[in-house]
Amino acid sequence: MPNWYSAREAVKRGASIEGTEHHTVIDRLIEAASRDIDASTRTRFIPLTDTRYLPYSSKYLRGGKLYFDADLWSLTSLKDQGTTLRTLTSGTHFILQPENDGPPYHWAEILSSQALGFESGSTTPQRSFEIIGSWSRHSATKTASQLDGAISTTTATTLQVDNGSLVEVGNTLLVETEQLFVSERDEVDLGVNATAALLADDTDTTLLLADHATDLSAGEIIRIDSERMRVVSVTSATSVVVERAWDGTNLAAHTNTADIFVFRRFTVERAVNGTTAATHADNTAVSKYAVPGPIEELCIAETIAALQQERAGW
């Protein structure tokens, strides 16, 4: 289940790796590290929409308190088997606790004003309680630009954004209520060509464009011929400063009128973590889940350690 806690580029920087030949291995190790963190912490850091069932047991039920078996970020519904699967309402029948510090929430507590309690039912006591909600310890997001083009079907597996520097492989995106997992990135034609030649010289870092240089953003990766470059800054409507020979590509000379490609298209897995696939209009806001810094750092560290061990033959 996609729930990675760091992106490929962070691992590559930490391990001093350039190029694409190790991407498959890095992705596999990031996923393994993420699952290890899930198991070690016994929680999640990207929300999962799910239905959980609890038995009528003293492990979970103590007086008027029903303890959950996972961190609950938000509740959709809670039912018990009173009168054959009875729906209880938050704020009317019970409150989520800890009320002042949550979410995440750890138990539901019957309000003292209510003359009722949690009930088992006689048919399936192993599933006395049905809890539908979003399960996670953390749910913070950061902006990840906006869609550059609509996602017009629920089965499309690519999307494009206005600023490619804000999305990385391994991110879980949130577009409206749908989560999408980013598995790869690709390039699109910027539609604006270079207006001056570039030398095969890493000090020649000013790229002149015919127009619309401000369509680019600092941090984006572009390609001219076979050389990739990272945009350092946008200095005018017709000029950007770049870092040459990015990600292991070779420094080369480029003529004026050369096509410029920018990495803004991403391959995605749709409707991850229990969400539902939907269509999304052009310019819809895109967010990405931002896990706590120590969790991301731990994932990067575990991945780099495993990668170096593999490369050294263990």
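Computed from a predicted structure; not experimentally measured.

**Re the overall build of the protein chain**
Scanning the protein chain from terminus to terminus reveals three helices and 17 strands. Its C-alpha atoms give the protein chain a radius of gyration of 25 Å, more than 25% over the compact-globule value 20 Å for 314 residues. Principal-axis analysis of the C-alpha atoms gives the protein chain an extent of 80 × 50 × 35 Å. Within the protein chain, the fraction of its 314 residues that count as buried is 44%.

**Brief notes about helix α3 (residues 293-311)**
Turn by turn, an α-helix covers 3.6 residues, leaving residues three or four places apart pointing in a common direction. When the terminal C-alpha atoms of α3 are compared, their 27 Å separation across 19 residues agrees well with the 27 Å that a helix rising 1.5 Å per residue should span. Of the surrounding elements, those touching the buried residues of α3 are α1 (8-15) and α2 (23-41). Of the residues one or two after α3, Gly 313 is the one with positive phi, at around 80 degrees.

**A short note on the nonpolar core**
Residues Tyr 5, Val 11, Ile 26, Ile 37, Phe 45, Cys 299 and Leu 307 are the most contacted members of the largest nonpolar core, which totals 20 residues. Breaking this core down by element, the ones donating at least two residues are α1, α2 and α3. Leaving out residues up to four positions away in the same chain, Val 11 has contacts with Ser 6, Ile 26, Ile 30, Ile 300, Thr 303 and Ile 304. Val 188, Val 192, Ala 213 and Ala 258 belong to the second-largest nonpolar core, a separate cluster that totals 18 residues.

**Digging into the side chain of Arg 264**
Mapped onto the fold, Arg 264 is located in strand β16 (residues 261-269). The buried category is assigned to Arg 264, whose relative accessible area is 7%. Among the polar contacts listed, one links the side chain of Arg 264 to the backbone oxygen of Asp 162, at a separation of 3.3 Å. Ignoring anything within four residues of it in the chain, the contact list for Arg 264 reads Leu 159, Gln 160, Val 161, Asp 162, Gly 164, Asp 186, Val 188, Leu 190, Asp 215, Leu 216 and Glu 220.

**Notes on the packing of aromatic side chains**
Within the structure shown, the criterion is met by four aromatic pairs. Taking 6.2 Å as the distance between ring centres and 20 degrees as the angle between the ring planes, the aromatic pair formed by Tyr 56 and Phe 129 counts as stacked. You can see Tyr 56 sitting in the loop between β1 (48-54) and β2 (61-62) and its partner Phe 129 sitting in strand β7 (residues 129-135), a full 73 residues away along the chain. The exposure class of Phe 129 is buried, given its relative accessible area of 0%. Seen in terms of ring centroids, Phe 118 and Phe 129 are 5.8 Å apart; in terms of plane orientation they differ by 85 degrees. Their pairing is edge-to-face. Linking Phe 118 in the loop between β6 (105-110) and β7 with Phe 129 in strand β7, this pair joins segments that are 11 residues apart in sequence. Overall, the relative accessible area of 6% leaves Phe 118 in the buried class. Each member of the aromatic cluster is reached from another via a ring pair, and the members are Tyr 56, Phe 118 and Phe 129. The aromatic ring of Trp 135 is capped on one face by Arg 52, whose charged end is 5.3 Å from the ring centroid.

What counts and what doesn't
- Residues numbered from 1 in each chain as written.
- Predicted model: local features only at pLDDT ≥ 70, side-chain atom pairs only at ≥ 80, totals over all residues.
- Heavy atoms only, no water.
- Helix = DSSP H or I, 4+ residues; strand = E, 2+ residues; numbered from the N terminus.
- Rg over C-alpha atoms; globule rule 2.2 N^0.38 Å.
- Buried < 20%, exposed > 50% of the residue type's maximum accessible area, 1.4 Å probe, protein only.
- Expected span 1.5 Å × (residues − 1).
- Contact = heavy atoms within 4.5 Å.
- Core = buried A, V, L, I, M, F, W, Y, C linked by side-chain atoms within 4.5 Å.
- Polar contact = N/O pair within 3.5 Å; in protein donor to acceptor, adjacent residues only side chain to side chain.
- Phe/Tyr/Trp six-rings, centres within 6.5 Å; stacked < 30°, edge-to-face > 60°.
- Lys NZ or Arg CZ within 6 Å of the ring centre and 35° of its normal.

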